[in-house]
Amino acid sequence: MSLTIEAALKKDIETAIEACFQTTVEEFVLQPTKKEFEGTYTFVTFALTKALRRSPVQIGQTIGEYLAAHSQVVKGFNVVQGFLNLTIEDETWLDVLSAIHQDADYGTLPANGQSVMVEFSSPNTNKPLHLGHLRNNCLGDSVARILKANGYEVIKTCLVNDRGIHICKSMLAYQKLGNGETPASAGLKGDHLAGKYYVLFDKEYKKQIAQLVAEGMSEEEAAKKAPWILEAQDLLIQWEKGEPETVALWEQMNGWVYEGFQKTYDSMGISFDKTYYESDTYLLGKDIIEEGLKKGVFYKKEDNSVWIDLTEEGLDQKLVLRGNGTSVYITQDLGTTELKYSDFHNDRYMWVVGNEQDYHFNVLFAILKRLGRPYADECFHLSYGMVDLPSGKMKSREGTVVDADDLLGQMAQTAENRTRELGKIEDFASEEAQNLYHLLALGALKYFLLKVDPKKRMLFNPEESIDFQGHTGPFIQYTYARVRSILRKAEANALAAAIPAEGYEIHPAEQDVIFHLSQYPVRVMSAGQEFSPALISLYAYELAKFYNQFYAELSIFSDPDPVAVQFRVALSDSVAKTIRHAMGLLGIEVPERM
RNA sequence: GACCCCGUAGUUCAACGGAUAGAAUAGAAGUUUCCUAAACUUUAGAUAUGGGUUCGAUUCCCGUCGGGGUCACCA
């Protein structure tokens, strides 16, 4: 059997056009038939009317007749306006399912010899993770899995933002108000403890500003002169000098935070192949500035600051090194990118970073191109939209965030309540049940975050909990558990899966499932090209939906025809395998029972 | 102000320029002596606005209105 029915059809349509009209057509539209019409694939004829000088209906009729007579895969056709709807031979469907059923790793495409680095997560070490970070983590993790399924070798990296003024703010507040508190003594995860002091800093800082303003200072000046911000800046200078006490505090607090993050990553099933720390990389990039100056890509102003003029690219003039010789954000990023390249020599580089940094990445990539970096054309910013609350943007320092750990905990509780209500797993041991609740909570949460087009900003309303019914992760997990139940029963009754080569009349509900199964590799490919887990999410949902319809309509074990029983077991097995694979690409596990 | 992104059922999301704009949820009505009802079936409900291009526009182009973001010698 050819790779897809689609490929076979396209070839046959080309042949048909040549035979019927003695001409060739470069491109034509072949799409899945809308469900109100009979057929599987639809050939749209409108585009050909000019070239062939016939009416859309005539073209459809002529090609349809030719295909019905000559094509191996076409069983019949109907023409509605300019749409030629084609139905497919039962034997073709049997072939297709047979190929899928035999493929143990269906949906994983062959290696393409290319490697790609995906950088994501990149947390600040002064506060715990919130829902926005979860979207980033889920996206990065899923895109990495999708690229791997597309044949790439994938390196997942995380650049930890472990230095800078924001860290010093938490450190300062801890120095002033901490009284030697530790995660153990406070009963808090380390990242939450650091976050607590970040919030405390902000409170006091605001108070100090307000007081200065009351004394007659302007808001802007007060923000610069408040005692705590001056002290925090001093702390940063001490840190950069390597002052032992400051470094010790920094190491202690960061250690707490890493421990906390690790727990969250572990519980989400997210890992990295390589972690970079900004404290190691923040001085990088200066040699690139030198190089760029020599090449004439950059220029120096009187105050010694270094700039690049990107007006030709539609961007502005951009500072790349301060007058005092210290780095800015873009300097570091140039250096870090060079480091990544020298460490791994990947063919492509991806950054999963929010869309508020669109401009920054445009600048970064433009500079890399000007510098003639070999990887410059293979850099991509996967720019995703923010997760907003009904009240607006989440802000850690103001405490208006949906905390990642809290949310996961709540969802596990919801999963537990729902499961207990249904009472289907009363024989589970306590640990087994806990694992299931966690698996369902993650399924709901990850699916919720991944089903939306990454580019779009999304809204999360904490008042309304994330659903477990309908277009959700648990719906798909449930379908999987139900299929597994079927397969266990088949095994217990020694009913092996088998697909006849011919002579089996396929029911429309079965055909829908097979058709959808056949689309999977193409979906994996587009998801890889578009870096969009949403395409896989939607696919898994549709497949589950079709299977559920099939399940409701046809009985598997009570069919009098043993061929049908074996065929449906094979169909179920293929669905289970494909759902598991697709959910795997989303980083979501599926349960045997729920 | 300049630049970028976005406006689709009450709500959350879909729709390579293609047929009567799909789902889910909330609402109404059904389905369980039978393989897991976290399911299935039926029903009602939307393209912000004005032009243009096209056989055909939610999709492309221009304007208006509305929302978000960026324009730091912060990261």
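Structure's up top.
Peer 1: It is not clear to me how the overall build of chain A should be interpreted in this structure. Could you clarify?
Peer 2: Counting secondary structure elements, chain A contains 22 helices and 14 strands. Dimensions of chain A, computed from C-alpha atoms along their principal axes, come out at roughly 90 × 65 × 45 Å. Residue burial in chain A is summarised as follows: out of 594 residues, 52% are buried. A fraction of 74% describes how many contacts in chain A between residues 6 or more apart in sequence connect residues 24 or more apart. Looking at chain A as shown, the accessible area adds up to about 27,800 Å², and 49% of this sits on carbon and sulfur atoms. Counting 59 positive and 83 negative side-chain charges, chain A places the centres of these two groups 3 Å from one another.

Peer 1: I keep staring at the environment of Glu-204 and nothing clicks. Help me out?
Peer 2: By the element assignment, Glu-204 lies in helix H8 (residues 190-214). Along the backbone, Glu-204 and Ala-173 are 31 residues apart, and their C-alpha atoms lie at a distance of 8.8 Å.

Peer 1: Looking at this structure, how should I read the protein's contact with RNA strand B?
Peer 2: By nearness alone, 61 residues border RNA strand B, and Val-29, Asp-303, Arg-322, Lys-424 and Tyr-478 come closest of all. Atoms of RNA strand B within 4 Å of the protein belong to the sugar or the phosphate in 60% of instances, the rest to bases. Leu-554 places a main-chain nitrogen or oxygen 2.5 Å from a base nitrogen of RNA strand B. With respect to RNA strand B, the backbone of Phe-557 contributes an N or O atom lying 3.4 Å from a base oxygen. Put simply, the parts of the chain that give the surface near RNA strand B at least two residues each are strand E1 (29-32), strand E4 (83-88), helix H14 (329-344), helix H16 (404-422), strand E14 (458-459), helix H18 (473-492) and helix H21 (533-553). Considered class by class, the residues forming the surface near RNA strand B number 26 nonpolar, 16 polar and 19 charged.

Peer 1: Sorry if this is basic, but what is going on with the packing of aromatic side chains here?
Peer 2: Think of a pair of aromatic rings as described by two things: how far the centres are apart, and how the planes are tilted against each other in angle. Taken as a whole and judged by the stated rule, the model has 28 aromatic pairs. Relative to Tyr-197, the ring of Tyr-174 lies with its centre 5.2 Å away and its plane at 90 degrees, an arrangement referred to as edge-to-face. In this pair, Tyr-174 is assigned in helix H6 (residues 165-177) and Tyr-197 in helix H8, connecting sequence segments 23 residues apart. Residue classification places Tyr-197 among the buried residues on the basis of a relative accessible area of 2%. Taken together, a centroid distance of 4.7 Å and an interplanar angle of 40 degrees make the contact between Phe-380 and Phe-531 tilted. Within this pair, whereas Phe-380 is found in strand E12 (residues 379-384), its partner Phe-531 is found in the loop between helix H20 (520-530) and H21, the two being separated by 151 residues in sequence. Taken together through their ring pairs, the aromatic side chains of Phe-120, Phe-261, Tyr-265 and Phe-272 make up a single cluster. We note Lys-301 situated over the ring of Trp-307; from NZ or CZ to the ring centre the distance is 3.8 Å.

Peer 1: I tried to follow the side chain of Ser-170 on my own but got confused; where do I start?
Peer 2: Within the secondary structure, Ser-170 is located in helix H6. When its relative accessible area of 2% is taken as the criterion, Ser-170 is described as buried. Separated by 3.5 Å, the side chain of Ser-170 and the backbone oxygen of Asn-126 make a polar contact. The contacts of Ser-170, once residues within four sequence positions are left out, are Asn-126, Ala-194, Tyr-197, Tyr-198 and Met-253.

Peer 1: Sorry if this is basic, but what is going on with the pattern of salt bridges here?
Peer 2: Side-chain pairs of opposite charge can arise whenever the charged atoms involved come near each other. Overall, the coordinates contain 29 salt bridges when judged by the stated rule. Where Arg-488 meets Glu-592, a salt bridge forms, and the shortest distance between an N and an O atom there is 3.5 Å. With Arg-488 in helix H18 and Glu-592 in the segment after helix H22 (562-585), the pair connects residues that are 104 residues apart, well separated along the chain. Judged by its relative accessible area of 31%, Arg-488 is partly exposed. Taking the relative accessible area as the measure of exposure, Glu-592 reaches 36% and is therefore partly exposed.

Peer 1: Would you mind going over helix H3 (residues 56-70) with me for this structure?
Peer 2: Given 3.6 residues to a turn, an α-helix orients residues that are three or four positions apart in the same direction. Helix length check: H3 (15 residues) gives 21 Å between terminal C-alpha atoms against 21 Å at 1.5 Å per residue, within 8%. All buried positions along H3 are accounted for by Ile-59, Gly-60, Ile-63, Gly-64, Tyr-66 and Leu-67. The buried side chains of H3 occupy one side of the element, clustering within an arc of 165 degrees when seen end-on. Each element contacted by the buried residues of H3 is listed here: helix H1 (5-21), strand E2 (41-44), helix H2 (49-52), strand E3 (74-80) and E4.

Peer 1: Explanation requested: the state of the cysteines in the structure shown.
Peer 2: The full count for this structure, using the stated rule, is zero disulfides. Looking at Cys-158, it has no disulfide partner, and the nearest cysteine sulfur is the one in Cys-138, 14 Å off. According to the relative accessible area criterion, Cys-158 is buried, its value standing at 2%. Take Cys-168: it sits in no disulfide, and the sulfur closest to it among the cysteines is that of Cys-158, at 20 Å.

Peer 1: Quick question: what am I supposed to make of the pairing of strand E6 (residues 153-160) here?
Peer 2: The two faces of the sheet receive side chains in turn, since in a regular strand these alternate between them. With seven of eight residues buried, E6 lies mostly within the body of the structure. Examined bridge by bridge, strand E5 (residues 115-119) and E6 share five bridges and lie parallel to one another. Looking at E6, one finds that Ser-115 is bridged to Glu-153. Taken together, E5, helix H5 (residues 131-149) and E6 constitute a β-α-β crossover, and its handedness is right-handed. Bridging between E6 and strand E7 (residues 274-277) involves four bridges; their strand directions are parallel. Looking at E7, one finds that Thr-157 is bridged to Lys-274.

Definitions and limits used
- Residues numbered from 1 in each chain as written.
- Chains lettered and ligands numbered in written order.
- Predicted model: local features only at pLDDT ≥ 70, side-chain atom pairs only at ≥ 80, totals over all residues.
- Heavy atoms only, no water.
- Helix = DSSP H or I, 4+ residues; strand = E, 2+ residues; numbered from the N terminus.
- Buried < 20%, exposed > 50% of the residue type's maximum accessible area, 1.4 Å probe, protein only.
- Contact = heavy atoms within 4.5 Å.
- Areas by Shrake-Rupley, 256 points an atom, 1.4 Å probe, with all protein chains shown as cover.
- Lys, Arg positive; Asp, Glu negative; His and termini not counted.
- Charge placed at Lys NZ, Arg CZ, Asp CG, Glu CD.
- Near = heavy atom within 4 Å.
- Polar contact = N/O pair within 3.5 Å; in protein donor to acceptor, adjacent residues only side chain to side chain.
- Nonpolar A, V, L, I, M, F, W, Y, C, P; charged D, E, K, R; others polar.
- Phe/Tyr/Trp six-rings, centres within 6.5 Å; stacked < 30°, edge-to-face > 60°.
- Lys NZ or Arg CZ within 6 Å of the ring centre and 35° of its normal.
- Salt bridge = Lys/Arg side-chain N within 4 Å of Asp/Glu carboxyl O.
- Expected span 1.5 Å × (residues − 1).
- Arc of directions from axis to C-beta.
- Disulfide = S-S within 2.5 Å.
- Pairing = 2+ DSSP bridges.
- Right-handed = clockwise from strand over helix to strand, strands pointing away.

Don't take any of this as a statement about function, it's just geometry.
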